[in-house]
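# A look at the structure
The chain contents come next:
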Amino acid sequence: MKTPLSPGSPAPKPRSNGSPDNPLAAELTRLLGPKKVLSNLSERRNYRYDAIQFGATPLAVVLPESTADVVTAVWAARAAGVPIVGRGAASGLSGGAAPALPGLVIAFTRMTRLDIFPERREARAQAGVVTLAVTEKARPFGLIYPPDPASFRTSTIGGNLGENAGGPLCFKYGVSGDYVRALEFVDADGEVHELTRGAYDLAGLLIGSEGTLGLITEATLRLTPPPKFTRTLMASFAEVGACAEAVSAAIAAGAVPGKLEFMDHACINAVEDFLHLGLPREAGALLLVDTDGDDLDTVEEERALVEAACLAAGGSVRRAAGDAESAALWQARRSVSPALGRIRPQRMNEDIVVPRSVLPEVVREIRALGDASGFHLVQFGHIGDGNLHPNILFDPRRESPDAVHDLAHRIALVAIRHGGVLSGEHGIGTMKRPFMREAVDPVTLEALWDVKRALDPAGVLNPGKVLPEELADEAHL
């Protein structure tokens, strides 16, 4: 339902009295004050990117502290006829927060109010709350927030929901959208809406829409008690396919680990060069596993199932001796991104999801594509969920971006051919947008455009993302 900010009196539409150089920034400064608006070119340039993609320099940047500030910013942008892009910590990996066109960026990093309601096992978080902060504030009440993307120390709740981010716990505990009970968002007209999950789940539609349907400003999140017991193991394999075979066998045997992650040979060595943790450099692949729960016997039985599957696939297994060794192993997995950044200045981060039954074939095919390409390609990801992150590392000064995109396209086609999808948690953004016509049938694409037209008829919210450009031209958006 719509929630007017000032009951009984419509909010005033903004009027421009700005400078000839940047009237949008001047008008926003008049409406919101200079502390909430960035107008200098050097400041605005800092908001044209996400973690791996650069875009257009915005005309102005707003740093709202409330939903009312967001509404005012949207009105000003609409009056100026410019597009609007929402931005969290810019840790995204598909270009979703990088403006495709000059316009307004609304950066939510100052919207950090966070309240815990232990009696309801809920948190109410503004969009700029850092992911890890939810668990840190809930833990004294014996509760946690399970979604844990690798960037959980920097990524924000709004950004997580925009991409429906996952993380190592996704196989057993689910992704960000599974923990949302209600949302507040601002639509393309500057109206505020409160949504609760129900039969017609508009909140679910907003989650994962990458800011193309509305600007999420707050969320009510479900909290859970942490498991009482956790056991960690590491298994090493001669090649990636054997690792994938072990995963499929363990799950078929009934194991449901809390975490089930893998890294290939190139990824292992990148992390070892970075952290020197004693990882086995000779391994073709590593599998990192946590089994957890409230009954210790069940946790141990589940770990034994995983061990048996790994040994049957030709792997060797090492149990973590205690919490310190377990923490070091998971530090290795969470440090993949900075480790890869030391090898090449840029990377194309794929995010395909395939059925677990075809994991061995898929990881082997991708490995073969990487070997034939001449590029430095690494694989890692949430293998228990079938969510793989092949990364193409490159230097644009010496290697062709077109060749990089061609390899990314070939990887996407592998996923599609095996019944998979283009993204599990990083979003489509601009990077996977060119592959959408091959991944999604025309009827579904047109239905998605119908939703976009209904919620954003002028096409001002994060244009140039997700849906293919040729359909946008046909729709005159």
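Residues numbered from 1 in each chain as written. Predicted model: local features only at pLDDT ≥ 70, side-chain atom pairs only at ≥ 80, totals over all residues. Heavy atoms only, no water.

In this section: the overall build of the protein chain. Secondary structure summary: the protein chain contains 17 helices and 19 strands in total. In terms of C-alpha radius of gyration, the protein chain reaches 23 Å, essentially the compact-globule figure of 23 Å for 477 residues. Considered along the principal axes of its C-alpha atoms, the protein chain spans approximately 70 × 55 × 45 Å. The contacts in the protein chain between residues at least 6 apart in sequence include a share of 72% that link residues at least 24 apart. When the accessible area of the protein chain is evaluated, it comes to approximately 19,500 Å², of which 54% is carbon and sulfur surface. (Helix = DSSP H or I, 4+ residues; strand = E, 2+ residues; numbered from the N terminus. Rg over C-alpha atoms; globule rule 2.2 N^0.38 Å. Contact = heavy atoms within 4.5 Å. Areas by Shrake-Rupley, 256 points an atom, 1.4 Å probe, with all protein chains shown as cover.)

So, on to the packing of aromatic side chains. One pass over the full model with this rule turns up 2 aromatic pairs. Where Y145 meets Y179, the ring centres are 6.1 Å apart and the plane angle is 80 degrees; that geometry is what we call edge-to-face. Here Y145 is found in the loop between α4 (131-138) and α5 (157-163), whereas its partner Y179 is found in the loop between α6 (170-173) and β7 (180-186), with 34 residues between them in sequence. Above the plane of the ring of F117 lies R120, whose end atom (NZ or CZ) is 4.3 Å from the centre. (Phe/Tyr/Trp six-rings, centres within 6.5 Å; stacked < 30°, edge-to-face > 60°. Lys NZ or Arg CZ within 6 Å of the ring centre and 35° of its normal.)

It is worth spelling out unusual backbone geometry at this point. Within the chain, R121 stands out as a residue other than glycine whose phi angle is a positive 50 degrees. Considering the arrangement of structural elements, one finds R121 in the loop between β5 (114-117) and β6 (122-126). Given the relative accessible area of 43%, R121 is considered partly exposed. Residue V466 is not a glycine yet carries a positive backbone phi of 70 degrees. (Buried < 20%, exposed > 50% of the residue type's maximum accessible area, 1.4 Å probe, protein only.)

Moving on: the sheet that holds strand β9 (residues 215-222). Paired through backbone hydrogen bonds, the strands of a sheet run either parallel or antiparallel to each other. Ordered by their spatial adjacency, 5 strands build an open sheet running β5-β6-β9-β7-β8, and the pairing between neighbours is antiparallel. The sheet is open, and its two borders are formed by β5 and β8 (192-196), each paired with just one other strand. Across the sheet, the mean angle separating the axes of adjacent strands is 15 degrees when strand polarity is ignored. Bridge count for β5 against β6 is 4 bridges, and the pairing is antiparallel. Following the sheet pairing, F117 is matched in β6 by E122. Along the sheet, α4 contacts β5, β6 and β9; its crossing angle with β5, the most-contacted strand, is approximately 40 degrees. (Pairing = 2+ DSSP bridges. Axes fitted to C-alpha atoms, helices over the stretch in contact; angles between N-to-C directions.)

What follows concerns the pairing of β8. Note that β7 and β8 share 5 bridges and pair antiparallel. The residue bridging L183 from the neighbouring strand is L195, located in β8. Between the end of β7 and the start of β8, which pair antiparallel, lie 5 residues, with G190 showing a positive phi angle near 85 degrees.

With that settled, consider the UniProt feature "domain: FAD-binding PCMH-type" (unreviewed entry) in the protein chain. Mapped onto this numbering, the UniProt entry annotates "domain: FAD-binding PCMH-type" (unreviewed entry) at residues 54-226. Across residues 54-226, the secondary structure splits into 22% helix and 23% strand, with the terminal C-alpha atoms separated by 38 Å. (UniProt positions renumbered as here; feature names shortened; annotations may be inferred.)

All right, on to the sheet that holds strand β3 (residues 84-87) then. In space, the 4 strands of this open sheet follow the order β1-β2-β4-β3, with mixed pairing throughout. Each edge of the open sheet carries a strand with a single partner, namely β1 (37-38) and β3. Across 4 bridges, the pairing between β3 and strand β4 (residues 104-107) is parallel. The partner of G86 across the bridge, within β4, is I106. In the packing of helix α1 (residues 23-32) onto the sheet, contacts are made with β1, β2 (60-62) and β4, and the angle to β2 comes to roughly 25 degrees. Contacts from helix α3 (residues 67-80) reach β2, β3 and β4, with the element oriented near 175 degrees to β4.

Tracing the backbone through its elements, the reader meets D50 in the loop between α2 (41-44) and β2. At 7.5 Å, K465 is the nearest oppositely charged side chain to D50, a buried residue that forms no salt bridge. A distance of 2.8 Å separates a polar side-chain atom of D50 from the backbone nitrogen of Q53. In this structure the side chain of D50 is engaged in a polar contact, spanning 3.5 Å, whose partner is the backbone nitrogen of S94. (Lys, Arg positive; Asp, Glu negative; His and termini not counted. Salt bridge = Lys/Arg side-chain N within 4 Å of Asp/Glu carboxyl O. Polar contact = N/O pair within 3.5 Å; in protein donor to acceptor, adjacent residues only side chain to side chain.)

All right, on to helix α9 (residues 265-275) then. Every buried residue belonging to α9 is among A266, C267, I268, N269, A270, V271 and E272, and all of these are buried. In this structure D264 caps α9, since a side-chain oxygen of it lies 3.3 Å from the backbone nitrogen of A266. Where α9 ends, the next residue or the one after it, H276, has phi of about 55 degrees, a positive value.

Inspection of the secondary structure assignment puts D351 in the loop between β14 (346-349) and β15 (352-353). From its side chain, D351 meets the backbone nitrogen of G424 in a polar contact 2.9 Å long. There is a polar contact of 2.7 Å between the side chain of D351 and the backbone nitrogen of H426. Residues within four places of D351 in sequence aside, it is in contact with N387, L388, H389, L422, S423, G424, E425, H426, G427 and K432.

It is worth spelling out the packing of helix α8 (residues 240-252) against helix α13 (residues 359-373) at this point. In contact at an axis separation of 8 Å, α8 and α13 are set at 160 degrees when each is read in the N-to-C sense. What the angle tells us is that α8 and α13 run roughly antiparallel. Like other packed secondary-structure pairs, α8 and α13 cross with a definite hand, here right-handed. Seen from α8, the contacting residues are V240, G241, A242, A244, E245, V247 and S248; seen from α13, they are L359, P360, V363, R364 and R367. Here the residues of the contact of α8 with α13 are counted per class, giving 7 nonpolar, 2 polar and 3 charged. (Parallel < 35°, antiparallel > 145°, perpendicular 65-115°, else oblique. Left-handed = near helix turned anticlockwise from the far one by under 90°. Nonpolar A, V, L, I, M, F, W, Y, C, P; charged D, E, K, R; others polar.)

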